[in-house]
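If you want the building blocks of each chain, they are given just below.
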Amino acid sequence: EPEVTQTPSHQVTQMGQEVILRCVPISNHLYFYWYRQILGQKVEFLVSFYNNEISEKSEIFDDQFSVERPDGSNFTLKIRSTKLEDSAMYFCASTTGVSSYEQYFGPGTRLTVT
Amino acid sequence: RKEVEQDPGPFNVPEGATVAFNCTYSNSASQSFFWYRQDCRKEPKLLMSVYSSGNEDGRFTAQLNRASQYISLLIRDSKLSDSATYLCVVNNRYNFNKFYFGSGTKLNVKP
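Residues numbered from 1 in each chain as written. Chains lettered and ligands numbered in written order. Predicted model: local features only at pLDDT ≥ 70, side-chain atom pairs only at ≥ 80, totals over all residues. Heavy atoms only, no water.

Colleague: Mind laying out the sheet that holds strand β1 (residues 4–6) of chain B, listing which residues take part and the relevant values?
Modeller: Residues and elements named next belong to chain B. Read across the open sheet, the 5 strands follow the order β1-β3-β8-β7-β6; overall the sheet is antiparallel. A strand with exactly one partner marks an edge of an open sheet, and here the two such strands are β1 and β6 (55–57). Direction aside, neighbouring strands of the sheet carry axes that sit 20° apart on average. Bridging between strand β3 (residues 19–25) and strand β8 (residues 70–75) involves 6 bridges; their strand directions are antiparallel. Counterpart to Val19 in the pairing with β8 is Ile75. (Pairing = 2+ DSSP bridges. Helix = DSSP H or I, 4+ residues; strand = E, 2+ residues; numbered from the N terminus. Axes fitted to C-alpha atoms, helices over the stretch in contact; angles between N-to-C directions.)

Here you go:
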């Protein structure tokens, strides 16, 4: 069964450093998403991406964040200058967007900013 | 006001019990509705979409009440493996590609 994959599973970085989180969505899916979940809190929408551009973004997704689909398979989230409060689980998701917006999530990247 | 609200629980039920969760949404333009389950420190997994006419998948039944702006999930014959957090997710017709998650309802099924 096709699945969304994410790398790395855990990333530790120092405050102020740039990080890139990587995702490979399901191959025939057209819509891609990033979410974050701070430990013990709810899943929060960050951004959606379709046709090589951002479709929607939340208030959390400020200038520190960017997304890219550098090739036909990868979808990346970059955080330019990490802060302590960026420590969270980051989930990538994808959906076909054809008659349904059922999203399939990757296993997540745990980001720890020290 | 939160877009999506859920009773955090926990709901502690014995195996075999029937349990129901509700989720209320604030935006009358909400369009698509889903239930996901999330195990501790894992990704959300789609349980079922919620259709206007209601839908059933085995022991799980989902209902939508547009007039009162809530969706429900009923689990019959609870199994130990149903223990998880159940997340309510909605989007709306104006921001159809932006999804709002509830904080989740925790279910503990006891032997």
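Additional details are given in the paragraphs that follow.
Colleague: Describe the interface of chain A and chain B, with residues and values.
Modeller: Contact residues are listed per partner, giving 25 residues for chain A and 20 residues for chain B. Approximately 1900 Å² of surface area, both sides summed, lies buried where chain A meets chain B, with 54% of it carried by carbon and sulfur atoms. In this assembly, chain A and chain B are joined by 6 residue pairs in polar contact (both at pLDDT 80 or more). Where the side of chain A that touches chain B is concerned, the elements lending two or more residues are β4 (31–37), β5 (43–50), β6 (53–57), β9 (88–95) and β10 (104–105) of chain A. (Contact = heavy atoms within 4.5 Å. Buried area = accessible area lost by both parts, 1.4 Å probe. Polar contact = N/O pair within 3.5 Å; in protein donor to acceptor, adjacent residues only side chain to side chain.)

Colleague: I'd love a proper account of the state of the cysteines, names of residues and values included.
Modeller: Disulfide: a covalent bond connecting the sulfur atoms of a pair of cysteines. Scanning the entire structure with this criterion turns up 2 disulfides over all chains. Here A:Cys23 engages in a disulfide with A:Cys92; their sulfurs sit 1.9 Å apart. The sign of the S-S torsion, about -60°, decides the handedness of the disulfide formed by A:Cys23 and A:Cys92: left-handed. Remark: A:Cys92 occurs in strand β9 and A:Cys23 occurs in strand β3 (residues 19–24); sequence separation between them is 69 residues. With respect to class, A:Cys23 is no different from A:Cys92; both count as buried. Here B:Cys23 engages in a disulfide with B:Cys88; their sulfurs sit 1.9 Å apart. (Disulfide = S-S within 2.5 Å. Buried < 20%, exposed > 50% of the residue type's maximum accessible area, 1.4 Å probe, protein only.)

Colleague: Can you explain the pattern of salt bridges? Please cite residues and give values.
Modeller: For the structure shown, the criterion picks out 6 salt bridges over all chains. Note that A:Arg36 and A:Glu44 form a salt bridge whose closest N and O atoms lie 3.0 Å from each other. Here B:Asp39 ties to B:Arg37 by a salt bridge, and the two come within 2.7 Å at their closest N and O atoms. (Salt bridge = Lys/Arg side-chain N within 4 Å of Asp/Glu carboxyl O.)

Colleague: Residues and numbers for the environment of B:Phe99, please.
Modeller: As for its position among the elements, B:Phe99 is in the loop between β9 (84–92) and β10 (100–101). Residue classification places B:Phe99 among the buried residues on the basis of a relative accessible area of 1%. Each C-alpha atom, one on B:Phe99 and one on B:Phe33, is 9.5 Å from the other, the two residues being 66 residues apart in sequence. Once residues within four sequence positions are removed from consideration, B:Phe99 is found in contact with A:Tyr33, A:Tyr35, A:Phe45, A:Tyr101, A:Gln103, B:Phe34, B:Val89, B:Val90 and B:Asn91.

Colleague: So what's going on with the nonpolar core? Residues and values would help.
Modeller: One finds B:Phe21, B:Trp35, B:Ile71, B:Leu73, B:Ile75, B:Tyr86 and B:Leu107 to be the most contacted residues of the largest nonpolar core, which totals 25 residues. Elements with a minimum of two residues in this core: β3, β4 (30–38), β5 (44–50), β7 (60–65), β8, β9 and β11 (105–110) of chain B. (Core = buried A, V, L, I, M, F, W, Y, C linked by side-chain atoms within 4.5 Å.)

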